[in-house]
Amino acid sequence: MTAAIHQEVVFEDEICAHLKAHGWTFDGPIPYQKGHAYDAMYDKRLALIPEDAIAWVQKTQPEVWTKFTAHHKDEVDARKEFARHLVAELDREHKQIKKDDPQMWGSLRLLRRGFKHINASFKMAQFAPANSLNPKLWDDFNANILRVVRQVHYSMHNGNSIDLVLFINGIPVATIELKTETTQSIEDAIRQYRQDRLPRNEATNTEEPLLSFGRRALVHFALSSDEVRMTTKLDGAKTRFLPFNKGIPDGFGGAGAGNPADKKRGHATAYFWHEVLSRETFLDIIGKFISVELKESVNLKTGKKTLTPSLLFPRYHQLDAVNKLLAATLSEGVGQTYLVQHSAGSGKSNTIGWSAHRLSTLFDEKNEKIFSSVI
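Thresholds applied
- Residues numbered from 1 in each chain as written.
- Predicted model: local features only at pLDDT ≥ 70, side-chain atom pairs only at ≥ 80, totals over all residues.
- Heavy atoms only, no water.
- Helix = DSSP H or I, 4+ residues; strand = E, 2+ residues; numbered from the N terminus.
- Rg over C-alpha atoms; globule rule 2.2 N^0.38 Å.
- Buried < 20%, exposed > 50% of the residue type's maximum accessible area, 1.4 Å probe, protein only.
- Contact = heavy atoms within 4.5 Å.
- Areas by Shrake-Rupley, 256 points an atom, 1.4 Å probe, with all protein chains shown as cover.
- Lys, Arg positive; Asp, Glu negative; His and termini not counted.
- Charge placed at Lys NZ, Arg CZ, Asp CG, Glu CD.
- Expected span 1.5 Å × (residues − 1).
- Polar contact = N/O pair within 3.5 Å; in protein donor to acceptor, adjacent residues only side chain to side chain.

When you go through the chain residue by residue, the secondary structure sums to 11 helices and 14 strands. For 375 residues, the compact-globule estimate of 2.2 N^0.38 gives 21 Å, and the C-alpha radius of gyration of the chain, at 21 Å, lies within 12% of that figure. Out of the 375 residues belonging to the chain, those deemed buried represent 47%. Considering only contacts within the chain whose residues lie at least 6 apart along the sequence, 60% involve residues at least 24 apart. Split by element, the accessible area of the chain, about 19000 Å² in all, is 51% carbon and sulfur. Charge-centre separation for the chain: the mean point of 49 positive side chains lies 5 Å from the mean point of 45 negative side chains.

Moving on: helix H4 (residues 75–91). The terminal C-alpha atoms of H4 lie 24 Å apart, and with 17 residues this matches the ideal 24 Å at 1.5 Å per residue to within 8%. Three or more residues of H4 are buried, namely Ala 78, Glu 81, Phe 82, Ala 83, His 85, Leu 86, Val 87 and Leu 90. Those residues of H4 that are buried are in contact with helix H2 (50–60), helix H3 (62–69), helix H5 (106–113), strand E1 (115–117), strand E2 (120–122) and strand E5 (171–178). Its side-chain oxygen at 3.3 Å from the backbone nitrogen of Val 76, Asp 74 defines the N-terminal cap of H4.

Residue placement: Phe 221 occurs in strand E8 (residues 219–223). Sequence-wise, Phe 221 and Pro 243 are 22 residues apart; in three dimensions their C-alpha atoms are separated by 9.7 Å. With sequence-adjacent residues up to four places away left out, Phe 221 is seen in contact with Ala 174, Thr 175, Ile 176, Glu 177, Tyr 193, Val 228, Arg 229, Met 230, Phe 244, Phe 272 and Phe 313.

In the segment running from Ile 30 into Pro 31, the intervening peptide bond is cis, with an omega of 5°. By the element assignment, Pro 31 lies in the loop between helix H1 (3–21) and H2. The backbone of Gln 151 shows a phi angle near 50°, a positive value even though the residue is not glycine. Along the chain, Gln 151 turns up in strand E3 (residues 146–153). Using a relative accessible area of 18% as the deciding quantity, one classes Gln 151 as buried. Positive phi values are uncommon outside glycine, yet Asn 169 reaches one of about 50°. Tracing the sequence through the fold places Asn 169 in the loop between strand E4 (161–168) and E5.

Printed below as a string of structure tokens:
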């Protein structure tokens with residue numbers, strides 16, 4: 001084992017051990033054992049973990065599952081049929097996109113809206129309710145299966161594997177390629193995504209479902225011990241990565257590029273798996289932050305307008321700003337004044353939009369809505 005691979009494996013061990021100790025499901029030995037099939041539960045043909053999806057439905061919606069299985073010859077047949085319909089929903093082409101009604105599709109739509117099949121309606125995730133009036137919703141929220149799988153062999157056409165893939169109830173939502181700065185930089189992880197993690201297999205001209213835009217994974221992270229970057233769309237050499245860093249304080253109330261040292265937790269990027277990947281925060285991001293943005297372009301020859309969708313995933317500073325505003329409002333009450341500093345081009349409009357949306361659905365500990373309107 002080369003020094004680079006060894007260091008990367010140790011980095012993986014640390015992240016997987018932390019997630020396993022904080023509510024994530026992880027199968028397999030830690031430290032890493034060469035030859036162990038960590039991705040044994042992953043069905044590369046379906047690009048899912050069907051067993052997790054079925055287990056969550058059976059636990060949270062037993063009556064619906066019973067109703068569904070009653071129309072099949074046995075449990076095995078029902079499970080196969082369920083997985084088949086799950087894939088059909090994930091791969092279903094989204095409707096004609098309208099500017100005033102951006103459509104979700106793929107894993108985001110499935111996790112937020114579930115799906116219907118003849119006589120059964122399945123929900124595929126439960127995000128944190130706004131209040132505590134319905135205990136069943138909180139039970140379902142706590143029942144979500146968040147799984148981290150390492151070394152996922154995702155392709156039917158080659159032996160490539162991705163360092164870490166994150167799943168919610170069997171549905172993949174994020175991929176992570178890791179590098180350690182002592183041996184390789186974050187640029188190596190980005191290069192790997194651009195060159196070797198293609199959404200369409202060039203040899204067979206077929207899609208790789210896990211990597212196809214919006215169908216399965218919603219975001220792809222390049223992670224080193226010093227930096228984090230992300231993209232929501234893999235597009236070969238044209239893939240655009242954005243920083244997902246905390247920023248190094250500049251001494252004037254702002255922050256520059258990168259991350260400050262974290263002597264307590266050992267890595268400057270430890271906030272990523274300690275904070276961002278905490279169950280509550282990660283589910284919040286998938287359920288309440290990610291949104292669809294439409295950009296309009298005009299063909300200069302024909303004059304025809306085209307709408308192109310993109311997925312908006314909050315960058316760290318946006319997530320941090322919104323969460324701090326929510327926490328301050330709950331602890332200090334309404335009527336306070338705050339200043340949020342944003343540099344040019346850092347997504348002020350999206351931070352405002354996310355803040356307004358979350359504040360409009362904010363309840364206090366007495367289950368009373370805090371704001372009647374947000375301007």
